[in-house]
Structure formats: structure tokens, C-alpha cells
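Descriptive structure summary
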Amino acid sequence: MSDRLSLGVIYCLTHYEGGVEAAAKEFRAALEVKHTAVVTEVLGLLACHFADDGRTEGYAKTGPVAVAKFELGEDPILRQREVATLSGVVEGDRLDELLQPP
């Protein structure tokens, strides 16, 4: 996942009207309509790049790392702090329930 794409995902989730919880509700509603397969695929990609999965914690995934590198450059200490915050955005509120495999 590219740095800019990761940043776009985080930006959209954090700036969505109503926040991450409202975005999670929209995803849940989208699972009930004809594009269920596409929404499921998107949620799988979010989980793959941002969420804990039993083998790797979310902060170590490519999504938060890419955003932190884009925003903060190569400083490992600043990046580590930002990465922990960013992985919590995707897993936060109710979106984490959607990212769990069925």
C-alpha cells in the first residue's frame, strides 16, 4: 500500500462526518446491499494493512507505517509514536468488528 493511499484511508476515516464509528455503520449497511463482495474485499484490505491479525499487531502493518513515513519522514522514534496512533484509528470504535474475518 502506497504512503499516499494509506494517508488517504486514514484521512477519510478520521474526517468522515460522525467519525470512525459513523464510517463503520456505513460499511455495515453496505454489507447488506448488492455490492457485498466488494465491501467485504475492501474491509479485508483495511484489515490486511492496518489491523491486528494474531501474527502481527496493527502498528507494525504496512498502512500505519506508510502514513507515518509520509507525514514524518524517516525518524524512527517519531514514526513509532504516530504508527501506534494510526493503527488505533482503524481498529478504534466499531470498525474493528468489521475487520474481523467471518
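Residues numbered from 1 in each chain as written. Predicted model: local features only at pLDDT ≥ 70, side-chain atom pairs only at ≥ 80, totals over all residues. Heavy atoms only, no water.

1. Considerations on the overall build of the protein chain
Put simply, the rule reads: Put simply, DSSP marks the helices as runs of H or I at least four residues long and the strands as runs of E at least two long, and each gets a number from the N terminus on. Relative accessibility under 20% of the residue-type maximum defines a buried residue, over 50% an exposed one, and the middle range a partly exposed one, all with a 1.4 Å probe and only protein chains included. In what follows, a contact means two residues having at least one pair of non-hydrogen atoms within 4.5 Å. Residue burial considers only the protein chains on display, and all accessible areas are found by Shrake-Rupley using a 1.4 Å probe.
Scanning the protein chain from N- to C-terminus turns up 6 helices and 0 strands. Residue burial in the protein chain is summarised as follows: out of 102 residues, 32% are buried. Once local pairs closer than 6 in sequence are excluded, the contacts in the protein chain between residues at least 24 apart make up 55%. For the protein chain, the accessible area works out to roughly 6,400 Å², and carbon and sulfur atoms hold 56% of it.

2. Here's the deal with the confidence of the model for the protein chain
Note the following rule: Within a predicted model, pLDDT stands for the predictor's per-residue confidence, ranging from 0 to 100.
Averaged over all residues, the pLDDT of the protein chain equals 76, while 71% of them reach at least 70. The weakest mean pLDDT in the protein chain belongs to helix H6 (residues 95-99) at 61; the strongest belongs to helix H3 (residues 36-50) at 86.

3. Remarks on helix H4 (residues 62-72)
Among the residues making up H4, those that are buried are Gly63, Pro64, Ala66, Val67 and Ala68. Phi turns positive, to about 80°, at Gly73, one or two residues after H4.

4. Side note on the environment of Lys69
As for its position among the elements, Lys69 is in helix H4. Distance in space between the C-alpha atoms of Lys69 and Leu7 is 9.9 Å, their sequence separation being 62 residues.

5. Topic: the nonpolar core
We count it as follows: Note on terminology: a nonpolar core comprises buried Ala, Val, Leu, Ile, Met, Phe, Trp, Tyr and Cys residues joined through side-chain atoms within 4.5 Å.
Listed in full, the 11 residues of the largest apolar core are Val9, Ile10, Leu13, Val20, Ala23, Phe27, Val39, Leu43, Leu46, Phe50 and Val67. Residue assignment for this core shows that the elements contributing at least two residues are helix H1 (3-15), helix H2 (19-30) and H3. Per-element tally for this core: the top contributor is H3, with 4 residues.

6. Some thoughts on the side chain of His49
Worth spelling out the cut-off: Whenever two N or O atoms come within 3.5 Å, that pair is a polar contact, provided that in protein one can donate a hydrogen and the other can accept it, and provided that, for residues adjacent in sequence, both atoms are side-chain atoms.
Along the chain, the position of His49 falls in helix H3. A relative accessible area of 16% places His49 in the buried class. Only 2.6 Å separates the side chain of His49 from the side chain of Thr62, close enough to count as a polar contact.

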